[in-house]
Amino acid sequence: MSKFKAAIIGGGSIADKNHIPALKNLSELVDIVAVCSRDGSKARSLADQHGIPHAFADAAEMYRTCQPNVIINCTPNTLHYPFTMQALENNCHVLCEKPPALHARQAREMADLAAQKGLILAYNLQLRQTSEWALLMRCKANGQLGEIYHIKANFLRRRGIPGWGYFTNKEMQGGGALMDLGVHVLDLALCALDYAVPANILANTYDFIGKTGGKGLMGSWDPQKFEVEDACMAYLSFPNKASIMLSASFALNTKADIDRNLEVFGSKGGAKLFPFSLYTEVAGELADVQFPFLEDVDIQLKNTAAFLDACLGKPSNVCTAEQGAILQEVVERIYASAER
């Protein structure tokens, strides 16, 4: 089997710290042939730093010159759609950063084009690769949870409004805490319910702290340029009466600096993801089962490997194009509910 030829689109930190190291660790499957960024000097610097042969400021030139067959899309949210569509049109498999797009129609269009061309489009929702999530899925498959009927999904920062980049720019990001953080745990919650589509959504978004300004744990931010939500709370109900309570925040007056977790409630047992605990019965008595020896894994490496497995036609748990389209639809409905 010949190796995949991968190109990175986007010259920022996520490419530098996450995707390029993961691809290098999978060098038996893939070679990185190019970096492309609208800022050509940034592309050249990143390519030189990692020993990648080519750097481009123009994606069309990159496709003509290098003919990659795998694209890692690390661009800001607003560019996920155009660069993913261009990659698919050039017959490339794509691993795109989250969220899938700014709008549900864009995510649907990307999924449809990938299906039409027989290509893999996947999204970089790496919490699927944790040992805890794998254990939760085994508990579900083994019947230890029974029917899952309610999930609490939290990704909360006490004061974690990023003081850099585009995170507070609505035009570039499409949203705030929900788009950046909430999608991670929303993806897990939907996965636990087999990616069912909610029948009803009730949501609110807030910007009290973001609009006030100040200094947080991720630097200071300009309240005059704060255009997104600093918190989002949503309740999703499903046709079978299952439900999800979703909470996401950049800034919230709460105790913990960060609270990222999933709590699952089933008819036979329940579970909390981090650290993993199973709430069940043993020999007719209530029992809390702990798992102190779960492996700590490199979730970016595992998600990139899962993506390449999908490209090779192997079983994979990477977030698919179809799931990404549903996820983006749910996100859009949450924002629509909050605006009513």
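As a reminder, the structure under discussion sits directly above these lines.
About the cut-offs
Residues numbered from 1 in each chain as written. Predicted model: local features only at pLDDT ≥ 70, side-chain atom pairs only at ≥ 80, totals over all residues. Heavy atoms only, no water. Helix = DSSP H or I, 4+ residues; strand = E, 2+ residues; numbered from the N terminus. Rg over C-alpha atoms; globule rule 2.2 N^0.38 Å. Buried < 20%, exposed > 50% of the residue type's maximum accessible area, 1.4 Å probe, protein only. Contact = heavy atoms within 4.5 Å. Areas by Shrake-Rupley, 256 points an atom, 1.4 Å probe, with all protein chains shown as cover. Pairing = 2+ DSSP bridges. Phe/Tyr/Trp six-rings, centres within 6.5 Å; stacked < 30°, edge-to-face > 60°. Patch = residues over 30% accessible without salt bridge, like charges linked within 9 Å, V, L, I, M, F, W, Y side chains within 5 Å. Salt bridge = Lys/Arg side-chain N within 4 Å of Asp/Glu carboxyl O. Expected span 1.5 Å × (residues − 1). Core = buried A, V, L, I, M, F, W, Y, C linked by side-chain atoms within 4.5 Å.

### Section: the overall build of the protein
Move 1: From N to C terminus, the protein includes eleven helices and 17 strands.
Move 2: Its C-alpha radius of gyration of 20 Å places the protein within 12% of the 20 Å reference for a compact globule of 340 residues.
Move 3: On the principal axes, the C-alpha backbone points of the protein span a range of 65 × 50 × 35 Å.
Move 4: Out of the 340 residues belonging to the protein, those deemed buried represent 54%.
Move 5: A separation of at least 24 residues holds for 72% of the contacts in the protein among residues at least 6 apart in sequence.
Move 6: Roughly 15,300 Å² of accessible area belongs to the protein as shown, and the carbon and sulfur atoms make up 50% of that amount.

### Concerning the sheet that holds strand S3 (residues 54-56)
Move 1: Taken together, seven strands build an open sheet; the order of strands is S3-S2-S1-S4-S5-S6-S17 and the sheet is mixed. Among the strands making up the open sheet, the edge pair consists of S3 and strand S17 (319-320).
Move 2: Where strand S6 (residues 121-123) lies against S17, two bridges are found, and the strand directions are antiparallel. Counted as the bridge partner of Tyr123 is Cys319 from S17.

### So, the packing of aromatic side chains
Aromatic rings considered in pairs are described by the distance between their centres and by the relative angle of their planes.
Move 1: Following the criterion strictly, the structure yields three aromatic pairs and no others.
Move 2: Ring plane angle 80° and centroid distance 6.0 Å describe the contact between Trp164 and Phe167, whose orientation is recorded as edge-to-face.
Move 3: Pairing Tyr206 with Phe208 gives two aromatic rings, centres 6.2 Å apart and planes at 25°, and the pair type is stacked.
Move 4: Residue Tyr206 is classed as partly exposed on the basis of its relative accessible area, which comes to 30%.

### Quick word on a nonpolar patch on the surface
Move 1: A contiguous nonpolar surface patch, about 320 Å² in accessible area, is contributed by Leu202, Tyr235 and Met245.
Move 2: Relative to the elements of secondary structure, Leu202 occurs in strand S8 (residues 200-206).
Move 3: In this structure Leu202 comes out as exposed when scored by relative accessible area, which is 60%.

### Overview of unusual backbone geometry
Move 1: The residue after Lys98, namely Pro99, is reached through a cis peptide bond having omega -10°.
Move 2: Its location among the elements puts Pro99 in the loop between strand S5 (93-96) and helix H5 (104-117).
Move 3: Looking along the chain, the bond that leaves Phe274 and enters Pro275 is cis, with omega of -15°.
Move 4: Position of Pro275 among the secondary structure elements: in the loop between strand S14 (270-272) and strand S15 (277-282).
Move 5: Although it is not a glycine, Tyr195 adopts a positive phi angle of roughly 55°.

### Structural notes on helix H1 (residues 13-24)
Move 1: When the terminal C-alpha atoms of H1 are compared, their 16 Å separation across twelve residues agrees well with the 16 Å that a helix rising 1.5 Å per residue should span.
Move 2: If you check which residues of H1 are buried, you get Ala15, Asp16, His19, Ile20, Ala22 and Leu23.
Move 3: Along its buried surface, H1 packs onto strand S1 (4-9), strand S2 (30-36), helix H2 (40-50), strand S4 (70-73), S5 and helix H10 (299-311).

### Some thoughts on the nonpolar core
Move 1: Membership of the largest hydrophobic core comes to 89 residues, with the highest contact counts inside it found for Leu262 and Ile334.
Move 2: Ranked by residues supplied to this core, first place goes to helix H8 (residues 177-192) with twelve residues.
Move 3: Excluding residues that lie within four positions of it along the chain, Ile334 makes contacts with Leu178, Leu186, Ile201, Ala203, Cys232, Ala234, Leu236 and Leu246.

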